[in-house]
Amino acid sequence: QVQLVESGGGLVQTGGSLRLSCTASGRAFSSYAMGWFRQAPEKEREFVAAISSSWGVTWYADSVKGRFPISRDNAKNTVYLQMNSLKPEDTAVYYCAARRGGRNYYTGLGEYDYWGQGTQVTVSS
């Protein structure tokens, strides 16, 4: 069982930045595809960004493209989401997710095997 622990959320003003981190337990982190999702109040959980296990290929939702680069440090078992130029509509609980196996990036909720507990991001206007 893989445990994912997110950190880095908080309250920030419009235009500000935050960096989310997600650290995984275990030894196989480099073989996991990783993703970030978010869920705003009364809305469904949605894809934000993903990074593949091999080559670190990335993919983004249109709403965050160019603002939220995703990266990973396999030596630290950690994936990051750098959130820049934040907007009030980015307010949500952010979750990281891990998928065993596969060499691509993945954007679907059902494609991931493990989930973190989430971290709150609030952007004030």
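Quick caveat, the model's predicted, so the values are computed rather than measured. (Residues numbered from 1 in each chain as written. Predicted model: local features only at pLDDT ≥ 70, side-chain atom pairs only at ≥ 80, totals over all residues. Heavy atoms only, no water.)

Draft legend 1. Region of interest: the overall build of the protein. When you go through the protein residue by residue, the secondary structure sums to zero helices and eleven strands. Going from N to C terminus, the protein has its helices and strands arranged as β-β-β-β-β-β-β-β-β-β-β. Classification of the 125 residues of the protein by burial places 43% in the buried group. Summed over its atoms, the accessible surface of the protein is roughly 6,500 Å², and 46% of this surface lies on carbon and sulfur atoms. Distance between charge centres in the protein, computed from 13 positive and 10 negative side chains, equals 8 Å. (Helix = DSSP H or I, 4+ residues; strand = E, 2+ residues; numbered from the N terminus. Buried < 20%, exposed > 50% of the residue type's maximum accessible area, 1.4 Å probe, protein only. Areas by Shrake-Rupley, 256 points an atom, 1.4 Å probe, with all protein chains shown as cover. Lys, Arg positive; Asp, Glu negative; His and termini not counted. Charge placed at Lys NZ, Arg CZ, Asp CG, Glu CD.)

Draft legend 2. Spatial organisation of the packing of aromatic side chains. Here the structure, examined in full by the defined rule, presents six aromatic pairs. Plain terms: the ring middles of F37 and F47 are 5.8 Å apart, the flat faces sit at 75 degrees to each other, and that makes the pair edge-to-face. Taken together, the positions of F37 in strand β4 (residues 32-39) and F47 in strand β5 (residues 46-51) put the pair ten residues apart, joining distant regions of the chain. Judged by relative accessible area, which is 14%, F47 ranks as buried. A ring pair is formed by Y112 and W115, whose centres lie 6.2 Å apart and whose planes are at 65 degrees; its orientation type is edge-to-face. Put simply, the rings of F37, F47, Y112 and W115 pair up and form one aromatic cluster. Above the face of the Y95 ring, R45 is positioned so that its terminal group lies 3.6 Å from the ring centre. Against the face of W59 rests K65, its NZ or CZ located 5.5 Å from the ring centre. (Phe/Tyr/Trp six-rings, centres within 6.5 Å; stacked < 30°, edge-to-face > 60°. Lys NZ or Arg CZ within 6 Å of the ring centre and 35° of its normal.)

Any link to function would need more than the numbers given here.
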